[in-house]
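Each chain is listed here by its residues.
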Amino acid sequence: MDIRQLRYFVTVAEELNFSRAATRLHMSQPPLSQQIKALEDEMGVALFLRTRREVKLTDAGHVFLRESRAVLAHLQAAVDTTLRTAKGDVGELRLGMATSAVFHVMPAILERLRRQFPQVNVAVTDMGSRDQIRAVHQGKIDIGIIHEQPHIEELASRPIFSEAFSLAIPSAHPLAARPCIPLPELREQPFVAFSREHAPALFDSFIAACAQAGFSPNIAHTARHALTIFQMVGLGLGMAVVPSSFARGATNGVTYRELDQVTQRVRICAIWDPKTPSDLVANVVREILEPPIA
C-alpha cells in the first residue's frame, strides 16, 4: 500500500464512478481499477460494491475513506510545514527581554510577529542584558532584546528603539501638579532606583543624569523590577527616574511627569549570533527588527 493508492481510492470514493475518477486523475480507467483491486486484495476486504449500474462504498470503505482523508491531510500538512520551515516561516523563536522593553518594545515586536509569522511559536524570558548576551553565546535564546552596549564580541546587534526618561512621582506629592520638572530641583528628594546588579544601564543613566544636573542622588531604596518600583513610589517611599514607556503600566498612586534638562536616553538593541543563524532568525531580523519601533 502506498500514498498513490490512497489518493486513487479517495478519488473513486468521492466520484463513485471509475470513469470520472480516472479522468480526474489524468489516467485511463483499467489501471485505476487494477490499483483499487490490488488495494482490496492487500487489505483482504471489499471497499466498493460494484454493479453494472453503480459503485457504492461498503461499510469498511466508509471507514477507510475517513482514515485515508486524515492520512492525506496529515501528509499535506507535514509537507507544508516542512516547506515553511525551510523558508524560515515556522518554528520556535526564543527571545530574551530586558525589563525596560516590557511596556512598549516587546508588545510591538510580538504584534509584528503575530502578523507576519503567525505559525511561529514565541517563547519570551525576562533576563538582564548581561545574562542575555551569555544566553545568545550559549545558544539558549535566539535573539536578545537588551540595553544598548558597546561592541559585543562575536554577536551582531541592531538598534531598535530609543526613548527619553520620565519621573515617576507619588500622586500626592506637590510636584505632581507640574507637567514638567527640572531634574536639578530634585536634589533633596529621596529616590527609588533600579538595582545596578540587575539593571546596570538604567542605573548608570540615572546617576549620569543627576551628575549632569549637578548633584548626587539620595537613593533611599532599590528594586530589581519595574513593578516593585511602581509600588514603592505609590507608597510614598520616593520618586524614580524611569523610561517614559513605563507610564503604560500605570499604577494607583503614581503620576508620570516629563523631566527637563535630561539628555540621557534609554536605547534598546537586538542581538543575535551571526555564525549560526537559522532561516527563521534571519527572517525575523530582516522583517521584524529592521523597521525601527516607534
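What you see is a predicted model; the values in this text were computed from it and never measured.

Next up on the list: empty space enclosed by the protein. In this structure the tally under the stated criterion is 1 cavity of 30 Å³ or more. Each pocket or cavity is described by its volume, and for the largest cavity that value is around 60 Å³. Lining of the largest cavity is provided by V192, A193, F194, L202, F203, F206, I229, A240, V241 and V242. When residues of the lining of the largest cavity are traced back to their parent elements, those giving at least two are β8 (190-194), α7 (200-212) and β10 (240-243). Its residues assigned to classes, the lining of the largest cavity comprises 10 nonpolar, no polar and no charged.

Attention now moves to the layout of surface pockets. Counted as a void, the largest pocket has a volume near 300 Å³. Surrounding the largest pocket, 19 residues form its lining, M127, G128, S129, H198 and A199 being those nearest its centre. With 4 residues, helix α6 (residues 129-137) is the largest single contributor of residues to the lining of the largest pocket. In terms of residue class, the lining of the largest pocket is made up of 6 nonpolar, 7 polar and 6 charged. Mapping the lining of the largest pocket onto the domain boundaries places at least three of its residues in each of domain 2 (91-162 + 267-290) and domain 3 (165-264).

What follows deals with the environment of E42. Mapping E42 onto the fold places it in helix α3 (residues 29-43). With a relative accessible area of 48%, E42 lands in the partly exposed category. Remark: the alpha-carbon pair of E42 and M1, spanning 41 residues in sequence, is separated by 7.5 Å. Excluding anything up to four places from it in sequence, E42 contacts M1 and Q5.

Much of the literature gives interface size as the accessible area that the parts lose upon coming together. We note that the domain assignment places domain 1 (3-87), domain 2 (91-162 + 267-290) and domain 3 (165-264) within the protein chain. A separation of 70 Å is found between the C-alpha centroids of domain 1 and domain 3.

Turning our attention to the pattern of salt bridges. The full count for this structure, using the stated rule, is 17 salt bridges. In the salt-bridge network here, residues are joined through shared partners; they are E14, E15, R20, R24 and R69.

Counting residues in each nonpolar core, the largest one holds 62 residues, and the members touching the most others are I109, I143, I145 and I160. Here this core takes 7 residues from strand β6 (residues 156-170), the largest share from any one element. Shared between two domains, this core takes at least three residues from each, and those domains are domain 2 (91-162 + 267-290) and domain 3 (165-264). Discounting chain neighbours no more than four positions away, the residues touching I143 are L93, R94, L95, G96, V136, A270, I271, W272, V281, V284, V285 and L289. Counting 19 residues, the second largest nonpolar core, distinct from the first, contains L6, F18, A21 and L32.

A word on the state of the cysteines. Counting across every chain of the model gives 0 disulfides. With no disulfide partner, C180 has as its closest neighbouring cysteine sulfur the one in C210, 15 Å distant. By relative accessible area, which is 31% here, C180 ends up partly exposed.

A separate point is the UniProt feature "domain: HTH lysR-type" (unreviewed entry) in the protein chain. The sites that UniProt annotates as "domain: HTH lysR-type" (unreviewed entry) are residues 1-58. Helix makes up 60% of residues 1-58 and strand 10%. Its end C-alpha atoms lie 19 Å apart.

All right, on to the pairing of strand β4 (residues 120-126) then. Here strand β3 (residues 91-97) runs beside β4; their pairing, made up of 7 bridges, is parallel. Among the inter-strand pairings, G91 is bridged to a residue of β4, identified as V120. Taking the sense of rotation as the criterion, the β-α-β connection linking β3, helix α5 (residues 105-116) and β4 turns out right-handed.

We now examine the packing of helix α1 (residues 3-15) against α3. α3 packs onto α1 with a crossing angle of 110 degrees between their chain directions and a minimal axis gap of 10 Å. Considering their axes alone, α1 and α3 lie roughly perpendicular with respect to each other. Touching R4, Q5, Y8, F9 and V12 of α1 are L32, Q35, I36, A38, L39 and E42, all from α3.

The N-to-C vectors of α5 and helix α9 (residues 279-289) enclose an angle of 110 degrees; their axes lie 10 Å apart at closest approach. Between α5 and α9, the crossing angle belongs to the class labelled roughly perpendicular. Between α5 and α9 lies a crossing whose hand is right-handed. Where α5 abuts α9, its residues I109, R112, L113 and Q116 lie against V284, E287, I288 and L289. Residues that form the contact of α5 with α9 fall into these classes: 5 nonpolar, 1 polar and 2 charged.

Each value, and the rule that gives it
- Residues numbered from 1 in each chain as written.
- Predicted model: local features only at pLDDT ≥ 70, side-chain atom pairs only at ≥ 80, totals over all residues.
- Heavy atoms only, no water.
- 1 Å grid on protein atoms, 1.4 Å probe; cavity = no way out; pocket = protein on both sides within 12 Å on 5 of 7 lines; lining within 4 Å.
- Points joined across faces, edges and corners; volume = space filled by probe spheres on them.
- Helix = DSSP H or I, 4+ residues; strand = E, 2+ residues; numbered from the N terminus.
- Nonpolar A, V, L, I, M, F, W, Y, C, P; charged D, E, K, R; others polar.
- Domains from an automatic or database assignment.
- Buried < 20%, exposed > 50% of the residue type's maximum accessible area, 1.4 Å probe, protein only.
- Contact = heavy atoms within 4.5 Å.
- Salt bridge = Lys/Arg side-chain N within 4 Å of Asp/Glu carboxyl O.
- Core = buried A, V, L, I, M, F, W, Y, C linked by side-chain atoms within 4.5 Å.
- Disulfide = S-S within 2.5 Å.
- UniProt positions renumbered as here; feature names shortened; annotations may be inferred.
- Pairing = 2+ DSSP bridges.
- Right-handed = clockwise from strand over helix to strand, strands pointing away.
- Axes fitted to C-alpha atoms, helices over the stretch in contact; angles between N-to-C directions.
- Parallel < 35°, antiparallel > 145°, perpendicular 65-115°, else oblique.
- Left-handed = near helix turned anticlockwise from the far one by under 90°.

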